[in-house]
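Chain residues, written in single-letter form:
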Amino acid sequence: MLKVYNTLTRKKEEFVPQEPGKVGMYVCGVTPYNYPHIGNARPFVTWDVIKRYLKHRGFEVKHIQNFTDMDDKIIKAANSEKVSWQVITDRYIDGYFKAIDALNVQRADIYPKVTEHIDDIISMVQKIIDNGYAYVVDGDVYFSVEKFPQYGKLSGRKLEDMLAGARVEVDTRKHNPMDFALWKSAKPDEPYWESPWGKGRPGWHIECSTMSLKYLGETFDFHGGGSDLIFPHHENEIAQSQCCCGDFHSFAQYWLHNGFITIDNEKMSKSLNNFITVPDILKQYPGEVVRFFILRTHYRSPLDFSEDRIKEAQAGLMRLKNAYDLGSELLGREGTTEKHTNLSDIAQSAMNDFYEAMDDDFNTALAIGYMFTLSKEINVYANNVINKGAEYDAVHFARLMDVYGKMADVIGIFEGSLEMPADASSEGISTAEIEALISERAEAKKNKNWARADEIRDDLKAKGIVLEDSAAGTKWKKA
Ligand SMILES: [Zn+2]
């Protein structure tokens, strides 16, 4: 029996799908205005392993994940680079896919974008107004939190406490300071869309209510994201969805939230200079190692990132992979006996243990522990056959390997290389970066900026890369 910890009820509950055999899941996606950081990678990997496990247990899973492709941060990035917002979102959506591919994350079924769902959003906002839960002021539309008695049920906050504790600027146009925007009127020089309330764009929260309704219906199974999204984002989604359609029991049934990532026990922040992006970490470690590092901790627990811990994860994954390779080598051989029926028993009980761990709120940490136990069995048996000439029962050993392979499929490992790409030197500089520096140097020379040109050459030299200039251009080699 699968049990999941539901943030809404604050307890572990038996998972009962809305429709037998099927699972609908909505996961809040990214705002594509920069490259994903290691904290963003955690929900990607967490939801991927949840999806893999549900599929493994026979569920048909429909996974929807949005892109917030219109937002203040995107507009700001576009203005500072003097490009259109689409240039920014295209670049970082591409960056998102590269990151998840490297982490063995299977793609969602649909990736809806805000800017492609404006009409749907407008009709939902209109419906909330018509139902009496929202009001219009000067081209803005606000949700009226006082009208929704259950406001605060997900985060466990009471409206009066929120008011007391909140540093909300006094906006006299709002009925209550906690009222939030469903639609924002356009400021000068901002992208906008026509609406019944004038030119403007959607508020942040409404997109997820609209897209989950469109693709999963009024009531569906899982809704997920990082725990930083519980308030206000998910609280507001519940308010919008339940006041638009259905009753107060509709919308997502199970709310799952992953814990934070800290770096060397400190909160990750750009100002602390410990802000690690996924592309940066992938220069040093294969994606599968990063994935394995994330899954070695239960998704709800805090996860601390440090050089030591990721190296530990790398060594652990290597041990699992070595057992898999050794076992696979043995599988290729002809068997001589069918005597070792105990291998099937070991396989069966390992599978049961693994299921029990995953059924307990997707406890990947424990499940991986059972993989280590099984890897030892494989190592001992394979070594005895290969190195000590012991009898080999191909039939029952195959069962052991079959179970091991199934575990690996759920955890999402043994799919990529554990070697770093050949073009990454020991200093962790990629071919692309070297090429980029070489063109920057050529540009500097053209502009007679000899100091910068020399600096680039010296920096590369310090990283073990030597440049050779000729009439045909600049070539590089490792020193
Ligand atoms: Zn959302």
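Above this text you will find the structure in question.
Residues numbered from 1 in each chain as written. Predicted model: local features only at pLDDT ≥ 70, side-chain atom pairs only at ≥ 80, totals over all residues. Heavy atoms only, no water.

Novice: Report on helix α7 (residues 230-244), specifying residues and quantitative values.
Specialist: A rise of 1.5 Å per residue sets the reference length of α7, with its 15 residues, at 21 Å; its end C-alpha atoms lie 20 Å apart and thus fit the reference within 8%. Of all the 15 residues making up α7, 14 are buried; the element is thus mostly covered by neighbouring parts of the structure. (Helix = DSSP H or I, 4+ residues; strand = E, 2+ residues; numbered from the N terminus. Expected span 1.5 Å × (residues − 1). Buried < 20%, exposed > 50% of the residue type's maximum accessible area, 1.4 Å probe, protein only.)

Novice: Provide a residue-level description of the pattern of salt bridges, including the pertinent values.
Specialist: Inspection of the entire model under this criterion finds 34 salt bridges. Salt-bridge contacts for D359 lead to R57; the nearest nitrogen and oxygen are separated by 3.7 Å. You can see D359 sitting in helix α11 (residues 342-359) and its partner R57 sitting in the loop between α1 (38-56) and β4 (60-65), a full 302 residues away along the chain. With its nearest N and O atoms 2.5 Å apart, the salt bridge here joins D72 to R201. (Salt bridge = Lys/Arg side-chain N within 4 Å of Asp/Glu carboxyl O.)

Novice: Which residues make up the coordination of the zinc ion, and what values go with them?
Specialist: The zinc ion binds to the protein through C28 (SG), C208 (SG), H233 (NE2) and E237 (OE), with metal-donor distances spanning 2.0 to 2.5 Å. Taken together, the four donor atoms surrounding the zinc ion define angles of 75 to 130 degrees at the centre, an arrangement classified as irregular. We note that the donor set of the zinc ion lies within a single chain, spaced as C-x179-C-x24-H-x3-E. Residue C28 is located in the loop between β3 (22-27) and α1, and its partner H233 is located in helix α7; the two are separated by 205 residues in the primary sequence. A single burial state applies to C28 and to H233, both of which are buried. (Donors = N, O, S within 2.8 Å, 3.2 Å for Na, K, Ca; no water. Tetrahedral: all angles 85-135°; square planar, octahedral: opposite > 155°, others 65-115°.)

Novice: Can you lay out the packing of aromatic side chains for me, pointing to particular residues and giving the numbers?
Specialist: What characterises a pair of aromatic rings is the spacing of the ring centres plus the angle enclosed by the ring planes. Under the definition given, this model contains 30 aromatic pairs. Relative to Y355, the ring of Y53 lies with its centre 6.3 Å away and its plane at 55 degrees, an arrangement referred to as tilted. Of this pair, Y53 sits in helix α1 while Y355 sits in helix α11, and the two are 302 residues apart along the sequence. You can call Y355 buried: its relative accessible area is 18%. On the basis of an interplanar angle of 25 degrees and a centroid distance of 5.5 Å, the ring pair of F67 and Y111 is categorised as stacked. With F67 in the loop between β4 and α2 (72-81) and Y111 in the loop between α3 (85-102) and α4 (118-130), this residue pair connects regions lying 44 residues apart in the sequence. Here F67 and Y111 have matching classes, each one buried. The structure contains a cluster of three or more aromatic residues connected by ring pairs, namely F15, W47, F59, F222 and Y254. For the cation-ring pair, R57 lies above Y355, with the distance from its terminal atom to the ring centre recorded as 3.8 Å. It is R157 that lies over the ring of F231; its NZ or CZ is 4.1 Å from the centre. (Phe/Tyr/Trp six-rings, centres within 6.5 Å; stacked < 30°, edge-to-face > 60°. Lys NZ or Arg CZ within 6 Å of the ring centre and 35° of its normal.)

Novice: Residues and numbers for the sheet that holds strand β6 (residues 140-143), please.
Specialist: The strand order across the open sheet formed by four strands is β5-β6-β7-β8, and the pairing between neighbours is antiparallel. Each having just a single partner strand, β5 (134-137) and β8 (200-202) make up the two edges of the open sheet. Looking at each pair of strands side by side, their axes are set apart by 20 degrees on average, direction ignored. Pairing geometry for β6 and strand β7 (residues 180-185), over three bridges, is antiparallel. Residue F143 lies in a different strand from β7, and its bridge partner there is F180. (Pairing = 2+ DSSP bridges. Axes fitted to C-alpha atoms, helices over the stretch in contact; angles between N-to-C directions.)

Novice: Any details on the sheet that holds strand β12 (residues 266-267)? Residues and values, ideally.
Specialist: Strand order in the open sheet made by the three strands is β12-β11-β13, with mixed pairing throughout. With partners counted over all chains shown, the strands left at the sheet margins are β12 and β13 (303-305), one partner each. Note: strand β11 (residues 261-263) against β12, two bridges, orientation antiparallel. From the neighbouring strand, T262 faces β12, where its bridge partner is K267. Set on the sheet, α1 makes contact with β11 and β13; between it and β11 the angle comes to about 145 degrees. (Contact = heavy atoms within 4.5 Å.)

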